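Chain and residue survey
Chain residues, written in single-letter form:
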There are 2 protein chains.
Amino acid sequence: MLSIRPASAEDAGLLRTLIRELADFERELDSVSITETDLVRDGFGADPKFRALIAEWDKQAAGYAFFFHFYSTWQGRQLFLEDLFVRPQFRGRGIGRALLSYVANIARNENCRAMRWEVLDWNKPAIELYQSLGATFLDDWRLVLLPSEEVRRLAEKAA
Amino acid sequence: MLSIRPASAEDAGLLRTLIRELADFERELDSVSITETDLVRDGFGADPKFRALIAEWDKQAAGYAFFFHFYSTWQGRQLFLEDLFVRPQFRGRGIGRALLSYVANIARNENCRAMRWEVLDWNKPAIELYQSLGATFLDDWRLVLLPSEEVRRLAEKAA
């Protein structure tokens, strides 16, 4: 039996475990530096920077979704889905789709005009799921990241 | 003479004009549906969804930056730069770089570990500027957008 519930501060340890499992699947575990303390402070304090959902199958943690508001200068309010993950042993039961529906319902209730996210180009099952939902792939855009050391260096040039 | 200042509600009309100029340069003017009312409500009310900077050259509007907080499950707080634009007649004076430095300074002061944005794959001058700052291009990721009608349809399947 599937149930989906909003994550609370007590889930920060579980969330970090699931975040690391997804990063491992994405072959990026070395990129993860987030701590349980970061998650508690940034997600469950006075000014939350994100929200998360926990999916449980027969009371066992089966997956999660992690999202926050995003703003498009073309269309206004959107919802950004940072992570969507179902543990391998729980796949094939519609849990990913159920998490997406739950998030879409939040997006609609909060007047977000669209949802956005990112997918690795080799993750075929995920891409097929998103295509089946009518998603569009913006393949003429490149993602750019300025790491913290470069941000610091650039900030020092501010007038 | 260059000056950079935070945008206020009185700049919403100017912001919309600049947003449309950038979208036109990006060959996407038809995608822009945002109104001045949207920008006033979403940027300058009780719970701002974005912030913007206006760059002026000799008191004339020369460009803008548009940004908000973003949250990486790998690294925590980041700053997302939705738009950066310098009007053609003001290019070549370091205004884009000055806007980026100003935003980087905000990112650093607010403990954002990195900055992120997106660039069109044909926009060579922008890509070269970002490379010169030490930016990384995450070219194995694809951007996914679920438009509003598809969000609505997916939301209806929520339990």
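Residues numbered from 1 in each chain as written. Chains lettered and ligands numbered in written order. Predicted model: local features only at pLDDT ≥ 70, side-chain atom pairs only at ≥ 80, totals over all residues. Heavy atoms only, no water.

Looking at the nonpolar core
Threshold: Buried Ala, Val, Leu, Ile, Met, Phe, Trp, Tyr and Cys residues that are joined via side-chain atoms within 4.5 Å together make up what is termed a nonpolar core. Under the scheme applied here, a residue whose accessible area is under 20% of the maximum for its type counts as buried, over 50% as exposed, and between as partly exposed, the area being computed with a 1.4 Å probe on protein chains only. Between two residues, a contact is recorded if the distance between any of their heavy atoms is within 4.5 Å.
Counting 48 residues, the largest nonpolar core has Leu 39 of chain A together with Leu 39 of chain B as the members making the most contacts within it. In contact with Leu 39 of chain B, not counting residues within four places along its chain, are Tyr 71 of chain A together with Ala 12, Leu 15, Arg 16, Ile 19, Ile 34, Phe 44, Phe 50 and Phe 66 of chain B.

Focus: unusual backbone geometry
Test applied: Numbered from the N terminus, helices here are DSSP runs of H or I no shorter than four residues, and strands are runs of E no shorter than two.
Backbone geometry places Asp 58 of chain A, a non-glycine residue, at a positive phi of 50°. Note on placement: Asp 58 of chain A falls in the loop between strand E2 (51-57) and strand E3 (60-72).

Regarding the sheet that holds strand E4 (residues 76-86) of chain B
Selection criterion: In short, DSSP must find at least two bridges between two strands for them to pair.
On the basis of which strands lie adjacent, the open sheet formed by 7 strands has the order E1(B)-E2(B)-E3(B)-E4(B)-E5(B)-E7(A)-E6(B) and mixed pairing. Single-partner strands in this sheet number two, and they are strand E1 (2-6) and strand E6 (136-137) of chain B. Summarising the sheet, strand E7 (residues 141-146) of chain A and strand E5 (residues 114-120) of chain B pair through 6 bridges and their orientation is antiparallel. When the bridges of E5 of chain B are listed, Trp 141 of chain A appears paired with Leu 120 of chain B.

Regarding the interface of chain B and chain A
Quick note on the threshold: Summed over both partners, the accessible area (1.4 Å probe) lost when two parts come together is defined as the buried area. Any carboxyl oxygen of Asp or Glu within 4 Å of a side-chain nitrogen of Lys or Arg constitutes a salt bridge here. Between N or O atoms, a polar contact is any pair within 3.5 Å; within protein, one atom must be a potential hydrogen donor and the other a potential acceptor, and residues adjacent in sequence are included only when both atoms are from side chains. In this classification, the charged set is Asp, Glu, Lys and Arg, the nonpolar set is Ala, Val, Leu, Ile, Met, Phe, Trp, Tyr, Cys and Pro, and all remaining amino acids, among them Gly, are polar.
Taken together, the contact pairs 71 residues of chain B with 71 residues of chain A. Interface of chain B and chain A: buried area, both sides summed, is about 7,200 Å²; carbon and sulfur atoms make up 59% of it. On the chain B side of the contact with chain A, Tyr 71, Trp 74 and Arg 142 of chain B bury the most area, a combined 13% of that side's loss. Where chain B packs against chain A, one counts 6 salt bridges. Put simply, Asp 42 of chain A and Arg 77 of chain B hold a salt bridge, and the shortest N to O gap is 2.8 Å. On the surface where chain B and chain A come into contact, there are 34 residue pairs in polar contact (both at pLDDT 80 or more). In terms of residue class, the side of chain B that touches chain A is made up of 37 nonpolar, 13 polar and 21 charged. In this sheet, strand E7 (residues 141-146) of chain B lies alongside strand E6 (residues 136-137) of chain A in antiparallel orientation, the contact comprising 2 bridges. Paired with Thr 136 of chain A across the bridge in E7 of chain B is Leu 145 of chain B.

Focus: the packing of aromatic side chains
Let me state the cut-off plainly: Ring pairs shown here join Phe, Tyr and Trp side chains whose ring centres sit within 6.5 Å, with only the six-membered ring taken for Trp; geometry is labelled stacked below 30 degrees between planes, edge-to-face above 60, and tilted in between. Geometrically, a lysine NZ or arginine CZ counts as sitting over a ring once it is within 6 Å of the ring centre and also within 35 degrees of the ring normal.
Using the criterion set out here, one finds 24 aromatic pairs over all chains in the structure. An angle of 80° between the planes, with centres 5.0 Å apart, marks the rings of Phe 68 of chain A and Phe 70 of chain B as edge-to-face. Taken together, the positions of Phe 68 of chain A in strand E3 and Phe 70 of chain B in strand E3 (residues 60-72) put the pair across two chains. Assigned by exposure class, Phe 68 of chain A and Phe 70 of chain B land together as buried. Look at Trp 74 of chain B and Trp 141 of chain B: their rings are 6.3 Å apart centre to centre, the planes differ by 65°, and that puts the pair in the edge-to-face class. Of this pair, Trp 74 of chain B sits in the loop between E3 and E4 while Trp 141 of chain B sits in strand E7; the two residues are 67 residues apart in sequence, bridging distant segments of the chain. For Trp 74 of chain B, a relative accessible area of 17% corresponds to the buried category. Three or more aromatic residues joined by ring pairs form one cluster here, namely Phe 68, Phe 70 and Phe 80 of chain A together with Phe 68, Phe 70 and Phe 80 of chain B. Directly above the ring of Trp 122 of chain A sits Arg 27 of chain A, whose terminal nitrogen or CZ lies 3.9 Å from the centroid.

What to know about empty space enclosed by the protein
All names here are of chain B. Note the following rule: Buriedness for pockets is judged along seven lines, at least five of which must meet protein on both sides within 12 Å for an open set on the 1 Å grid over protein atoms alone, while cavities are sets there where a 1.4 Å probe fits but cannot get out, and lining residues have an atom within 4 Å of a point. Grid points are joined across faces, edges and corners, and a volume is the space filled by probe spheres set on the points.
In the structure shown here, the tally under the stated rule is 1 cavity of 30 Å³ or more. Quantified by volume, the largest cavity comes out at close to 30 Å³. Counting only elements with at least two residues in the lining of the largest cavity, the list comes to E3 and E4. Here the lining of the largest cavity takes 3 residues from E3, the largest share from any one element.

Thoughts on the pairing of E4 of chain B
Residue and element names in this part refer to chain B. To keep it simple, the criterion reads: For the handedness criterion, the strands are oriented away from the viewer, and a crossover whose path from the first strand over the helix to the second runs clockwise is classed as right-handed.
The buried fraction of E4 is high, at 10 of 11 residues. Alignment of E3 against E4, held across 10 bridges, turns out to be antiparallel. Its bridge partner being in E4, His 69 is matched across the sheet by Leu 79. Taken together, E3 and the strand that follows it, E4, pair antiparallel across an intervening segment of 3 residues. Sheet analysis places E4 next to E5, joined by 3 bridges and oriented parallel. Considered in E5, the bridge of Gln 78 is made with Ala 114. In the classification by handedness, the crossover that spans E4, the intervening helix H3 (residues 95-109) and the parallel E5 is right-handed.

Some remarks on the environment of Thr 17 of chain B
Residues and elements named next belong to chain B. If you trace the backbone, Thr 17 turns up in helix H1 (residues 12-25). Taking relative accessible area as the criterion, Thr 17 reaches 37% and is therefore assigned partly exposed. Put simply, Thr 17 and Met 115 are 98 residues apart on the chain and 25 Å apart in space, counted from C-alpha to C-alpha.

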